[in-house]
Amino acid sequence: MCWSATADLVAGTGIAAVGVASVARTRRAGDLPLAALPLLLGAHQLVQAAVWHAGGGSGPATVAWAVIALPLLAVWVPAGVLCAAPRRAPRRLVVPAVIGAVTAAALAYALATRPVRAEIRGHTVGYALGLPHAQLLVAGYLVATVGALLLSGDRRLRVLGVLAGAGAAVCWALWRLEFVSTWCAFAALCSVVLWGWAGGRRPAR
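Just so it is clear, the model here is predicted, and its values are computed rather than measured. Each chain has its residues counted from 1, running along the sequence as written. Owing to the predicted nature of the model, reporting of local features is limited to residues with pLDDT of at least 70; listing and counting of side-chain atom pairs is limited to 80 or more, with chain, interface and lining totals taken over all residues. Only heavy atoms go into the side-chain values, all of them from the structure, while hydrogens and water stay out.

Approximately 660 Å³ is the volume attributed to the largest pocket. Cavity means a closed set of points on a 1 Å grid over the protein atoms alone, one where a 1.4 Å probe fits but cannot get out, pocket means an open set with protein on both sides within 12 Å along at least 5 of 7 lines, and lining means a residue has an atom within 4 Å of a point. Looking at the largest pocket, it is lined by 28 residues, and the ones nearest its centre are Leu131, Ala134, Val138, Phe179 and Val180. Residue assignment for the lining of the largest pocket shows that the elements contributing at least two residues are helix H4 (60–84), strand S2 (124–128), helix H6 (134–150), helix H7 (155–174) and helix H8 (179–190). Strands here are runs of E lasting at least two residues and helices are runs of H or I lasting at least four, both read from the DSSP assignment and numbered beginning at the N terminus. Of all the elements, H6 adds the most residues to the lining of the largest pocket, at six residues. Residues are sorted three ways: Asp, Glu, Lys and Arg are charged, Ala, Val, Leu, Ile, Met, Phe, Trp, Tyr, Cys and Pro are nonpolar, and all the rest, Gly among them, are polar. For the lining of the largest pocket, the class distribution of residues is 22 nonpolar, three polar and three charged. Grid points are joined across faces, edges and corners, and a volume is the space filled by probe spheres set on the points.

This is how it looks when you write it as structure tokens:
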């Protein structure tokens, strides 16, 4: 999805539309954050289309992309899983939520104190932020997002977690310098699974 501005524009529009449909199918208030995830990720790809049109750099589109990709998603996904869990949610779901909050705080601080720059690299976009303890932050990010989905206890959410985890491994192997960009695009595509998840949930009693 990061192969060009047009690809991001088309994919972002389609994925956002799936997000709108997922929200419309939602019958539980607690499911709304996860049901809206494709909408958020679709909008994220549209922001990256703006990054392409700007030729990269450190403008508003780049900053907006980084804010969504880094601190916001690190909190959104585990919090969404926790909201969608039964009232007596397993304590294990609190772990990725806490790790996500800590990771998001560190990422937000880095974005507030360091410049972020996008670089067009052929058919991919790389984002340079110069994160301290980058490997630790990436590990915390993956535990918060992929880990929360795998621990959710819901079959469809676990499928999304497996797809996102496999995508992370592939993107790291093929596009290490553009890992964040390519994996976010892959995760956006995978998030369409949530359309089926939202429609298959029983109404809350």
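Picking up after the structure, the text goes on.
Before going further, it helps to spend a moment on the side chain of Gln48. Take Gln48: it is sitting in helix H3 (residues 37–53). Any N or O atom pair separated by 3.5 Å or less is treated as a polar contact, with the protein-specific requirement of one donor-capable and one acceptor-capable atom, and with residues adjacent in sequence counted only for side-chain atom pairs. Of the polar contacts made by the side chain of Gln48, one reaches the side chain of Ser181; its length is 3.1 Å.

In this analysis, strands are considered paired if DSSP registers two or more bridges between them. In the sheet, strand S1 (residues 117–121) pairs with S2 via five bridges, with the strands oriented antiparallel. Bridging across to S2, Arg121 finds its partner in Thr124.

On the surface, Leu82, Val94, Val98 and Val102 cluster together into a nonpolar patch covering about 310 Å² of accessible area. When residues in the nonpolar patch are grouped by element, the largest group, three residues, is from helix H5 (residues 94–113). Along the chain, the position of Val98 falls in helix H5. With a 1.4 Å probe rolled over the protein chains alone, any residue whose accessible area is under 20% of its type maximum counts as buried; one over 50% counts as exposed, and the rest are partly exposed. Owing to a relative accessible area of 48%, Val98 belongs among the partly exposed residues under this scheme. Patch membership requires more than 30% relative accessible area and the absence of a salt bridge. Residues of like charge join within 9 Å; the nonpolar side chains Val, Leu, Ile, Met, Phe, Trp and Tyr join within 5 Å. Method for areas: the Shrake-Rupley scheme with a 1.4 Å probe, in which residue coverage is limited to the protein chains shown. Salt bridges are counted wherever a side-chain nitrogen of Lys or Arg sits within 4 Å of a carboxyl oxygen of Asp or Glu.

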